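Architecture at a glance
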Amino acid sequence: RSASERPGWRKVLAMIEAGEVDVVVAYHLDRITRTMIDLEELILLAVDRGVGVATANGDIDLTTDTGRMVARILAAVARQEVERKGERQTEAAEQRARQGKPQWSTRPFGYERDGSLREAEAALVRSAYTDVVSGASLASITATFNGSGFTTTKVHQHRKDGSEYSGAWDTPTVRHILLSARNAAIGVYRGEEVSPGTWTPIVSPETYRAAVHILTSPTRNSGGGGKRQNLLTGVAHCAECGEGVKVGWKGGRKGDPKAYAVYVCRGKGCMSMPVDGADDY
């Protein structure tokens, strides 16, 4: 991660800038700097504030050209090792996927880490597929999940902002689970189906594909009730008296052929404006 994503290191840099630091101590230089950009920022601060760097392998004097050269070489070597490790991990992940082996960083809902079923959870997922194929809405399926007593597998894990996942279900989370080929024991690598999985399926591939067809159909109503209307209610205010606006009707009552909606001042009726024209604008 870059320095901007490491609040602890940002705090150290702020202390250096404030003149509160004489020496930065670390086990190795690569525990301090993760990128060449981070290193150059540290070098500039070290030269400006006269700060030293001490590691288990010896001190690095960033205020001299030789010390800076050594630091840059060490940082480049560390970066190359990180990239090589990443390539090996990517190759291993692809190989496992093509061999149909499970590769889950966290336990998936409905499964144990070894690919066997956690049957009570799997039964809930299986029922959800049946409901989707039968025409049930995602909202009703989500309500069933929340009423089941089960939480998401992320419960108590921390988000990037430090807050915890509550474990409550929402429709995007339920949809994500139902769209996972894992539930039909299909191995996927970077979004592409690559092999049959060696783990136990929750549903058949036919049931899974039927649900995917329904959930991804462009004609599926995903909520919102169609075109949004009356966009300015609760937002716009009358320029004369400052009151908010509401929707009224002119040319007759609502539903009459010649009637049309207008925004009307809630106060003294200072203004009236056709809704369609205002919303389109």
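Scroll up to find the structure.
For the structure given in this document, a descriptive report is provided here. Per chain, residues are indexed from 1 in the order of the written sequence. The predicted nature of this model means local features are confined to residues of pLDDT at least 70 and side-chain atom pairs, given and counted, to a pLDDT of 80 or more, with totals for whole chains, interfaces and linings taken over all residues. Heavy atoms throughout the structure, all of them, feed into the side-chain values; hydrogens and water do not.

Turning to unusual backbone geometry, a few remarks are in order. Phi is positive for His156, which is not a glycine, with a value near 75°. Comment: elements are numbered from the N terminus, with helices defined as DSSP H or I runs of at least four residues and strands as E runs of at least two. With respect to the helices and strands, the residue His156 is situated in the loop between α5 (138-147) and α6 (171-178). Although it is not a glycine, Ala185 adopts a positive phi angle of roughly 55°. If you trace the backbone, Ala185 turns up in the loop between α6 and β4 (186-189).

Whether two strands pair depends on DSSP finding at least two bridges between them. As defined by bridge partners, strand β6 (residues 245-250) adjoins strand β7 (residues 260-265) across six bridges and the pair is classed as antiparallel. Residue pairing for β7: Val245 is matched across the bridge by Cys265. Note: β7 against strand β8 (residues 272-274), three bridges, orientation antiparallel. Residue pairing in the sheet places Tyr263 in a bridge with Met273 of β8. The antiparallel hairpin formed by β7 and β8 contains six residues in its connecting segment, where Gly269 sits at a positive phi of about 70°.

What follows is about helix α3 (residues 65-98). A helix is expected to span 1.5 Å for every residue after the first. With 34 residues, α3 should cover 50 Å at 1.5 Å per step; its first-to-last C-alpha distance of 50 Å lies within 8% of that length. To sort residues, take the accessible area from a 1.4 Å probe on protein chains only and compare it with the maximum for the residue type: under 20% means buried, over 50% means exposed, and anything in between is partly exposed. Within α3, the full set of buried residues consists of Gly67, Ala71, Ala75, Ala78 and Ala97. Turning to α3, the residues buried within the fold contact α2 (36-49), β3 (58-60), β4 and β5 (192-196). We call two residues contacting when some pair of their heavy atoms lies within 4.5 Å.

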